[in-house]
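Structural overview
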Amino acid sequence: MFRIRKEMKLVLIVGTILFSLFLGVKRSNLDTIFILTNVEIDLSSANDIFENSFNNNKIKFEYQVEDLTEINTSLSEISKTENTITLYSEIKANYNLIVLEIPTERSDEVLTNLRNVIGLSNENIQRAGTVKISTDLKENLNNNQIAKKRIQNLINDSVSPDRIQSFRRQLDIIQAKIDSLSIQEDIQKHNAEFDIIMLSAVKNINGNKALRSSMSIFLLTTIASLILLITGLIISYYIFILMHKLMLALGIRTSRGGSHNYNYNKKGYGKKVKRIYKDKDGNVIKKEKDE
């Protein structure tokens, strides 16, 4: 009958327990639960977009929450708002970072909803006065359009090719200014009609809650691993015994089955030993046999 030595049994038991504990620790992240630090967010990309914008109204929200579900729901509703433009979005398991533009007429409604979200830690609103700049831009644009019409009339009334060519060069310069001013006017119109919002929400690390969750996962994983490993070892043991018996039935002997010329008695066991004593000249003096 195949038997396992006590030393091997001890190694298997200790190894099974240690391996199960290792799997439990890794699966539950119990090895890192005591060194958790605050979540750090890289705000550089989102902040560049927010700071470099020229919207009349710029609003920044910061949240510290225990669960991101509520803020995710609010962001989902905002994104469904008509004409909402998402400029930057970074959604992670432990934080959300988003920059978006919303129509000004919907701004009050959206801001009210965001203020009602639990965990709001900071709100900052910047309002830029651009009415004067917008007025100057329109006046400059109108002046260039008047100049364009005047030069077009001069081209139509002129008969000299050189003067016509000179007027056309001036017309190209004025047209370039008009195009540039028109783009600026569109941008200012957009900035006046849309408010920009930068929102960051960080999930707080609750030490006690995280520890309880990790301990539950650790215990379940360790117990399940022990059961599976013990079951696997038992199955492997009986498979090995079955293979051993099959080898014996086929006439395959292991090294333990070999025979040796040993003599067993009450005092112990040993081989037969014959001693021969000789003198200096090589002559036999005495012979003895030990059993």
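Residues numbered from 1 in each chain as written. Predicted model: local features only at pLDDT ≥ 70, side-chain atom pairs only at ≥ 80, totals over all residues. Heavy atoms only, no water.

This part covers the overall build of the protein chain. On a plain count of helices and strands, the protein chain comes out with seven helices and nine strands. In the protein chain, which comprises 291 residues, the proportion classed as buried is 24%. If you take every contact in the protein chain between residues at least 6 apart in sequence, the share linking residues at least 24 apart comes to 74%. In the structure as shown, the protein chain presents an accessible area of about 21,400 Å², 55% of it carried by carbon and sulfur atoms. (Helix = DSSP H or I, 4+ residues; strand = E, 2+ residues; numbered from the N terminus. Buried < 20%, exposed > 50% of the residue type's maximum accessible area, 1.4 Å probe, protein only. Contact = heavy atoms within 4.5 Å. Areas by Shrake-Rupley, 256 points an atom, 1.4 Å probe, with all protein chains shown as cover.)

Glancing now at the nonpolar core. Core analysis: the largest hydrophobic core is formed by 18 residues, its most contacted members being Phe-61, Tyr-63, Ile-71, Leu-114, Ile-197 and Leu-199. Of all the secondary structure elements, the ones that give two or more residues to this core are β1 (57-65), α3 (69-79), β3 (95-103), α4 (107-115) and β5 (194-203). At four residues, β1 tops the list of elements feeding residues into this core. Those residues in contact with Tyr-63, other than ones at most four positions away along the chain, are Ile-71, Leu-114, Arg-115, Val-117, Ile-118, Gly-119, Leu-120, Ser-121, Leu-199, Ser-200, Ala-201 and Val-202. (Core = buried A, V, L, I, M, F, W, Y, C linked by side-chain atoms within 4.5 Å.)

Overall, the prediction assigns the protein chain a mean pLDDT of 80, with 77% of residues at 70 or greater. In the predicted structure, residues 257-269 sits below a pLDDT of 50 and forms 10 contacts with residues beyond four places in sequence or in another chain. (pLDDT = per-residue confidence, 0-100.)

All right, on to the environment of Asn-56 then. Along the chain, Asn-56 turns up in the loop between α2 (44-51) and β1. By relative accessible area, Asn-56 is classed as buried at 15%. The spatial distance from the C-alpha of Asn-56 to the C-alpha of Glu-193 is 8.3 Å, given a sequence separation of 137 residues.

Taken in spatial order, the five strands make up an open sheet running β2-β3-β5-β1-β4, and their pairing is mixed. The open sheet terminates on both sides in strands that have one partner only, identified here as β2 (85-91) and β4 (120-127). Geometrically, the sheet is characterised by an average inter-axis angle of 10° between neighbouring strands, direction not taken into account. Pairing of β3 with β5, which is carried by nine bridges, proceeds in the antiparallel orientation. Bridging from a neighbouring strand, Ile-98 pairs with Leu-199 of β5. Where α3 meets the sheet, its contacts fall on β1, β3 and β5, and the angle it forms with β3 comes to roughly 25°. (Pairing = 2+ DSSP bridges. Axes fitted to C-alpha atoms, helices over the stretch in contact; angles between N-to-C directions.)

Another point: the pairing of β3. Taken across its nine residues, β3 has nine buried, putting it largely inside the fold. Because side chains alternate across β3, one face comprises the buried residues Tyr-95, Leu-97, Val-99, Glu-101 and Pro-103, and the other comprises Asn-96, Ile-98, Leu-100 and Ile-102, equally buried. Between β2 and β3, which pair antiparallel one after the other, the connecting turn spans three residues.

Turning next to a nonpolar patch on the surface. A contiguous nonpolar patch, built from Leu-10, Ile-13, Val-14, Ile-17, Leu-18 and Leu-21 and spanning about 520 Å² of accessible area, is present on the exposed surface. Positionally, Leu-18 belongs in helix α1 (residues 6-28). Taking the relative accessible area as the measure of exposure, Leu-18 reaches 53% and is therefore exposed. (Patch = residues over 30% accessible without salt bridge, like charges linked within 9 Å, V, L, I, M, F, W, Y side chains within 5 Å. Salt bridge = Lys/Arg side-chain N within 4 Å of Asp/Glu carboxyl O.)

So, on to the packing of aromatic side chains. Applying the stated rule across the entire model yields two aromatic pairs. Note on Tyr-237 and Tyr-238: the rings are 5.4 Å apart at their centroids and 75° apart in plane angle, and the pair reads as edge-to-face. The exposed category is assigned to Tyr-238, whose relative accessible area is 54%. Between Lys-58 and the ring centre of Phe-50, over which it is positioned, the NZ or CZ distance is 5.2 Å. (Phe/Tyr/Trp six-rings, centres within 6.5 Å; stacked < 30°, edge-to-face > 60°. Lys NZ or Arg CZ within 6 Å of the ring centre and 35° of its normal.)

Let's shift gears to the environment of Asp-179. Examined against the element boundaries, Asp-179 turns out to sit in helix α6 (residues 161-193). Expressed as a C-alpha distance, the spacing of Asp-179 and Leu-141, which sit 38 residues apart in the sequence, is 9.2 Å.

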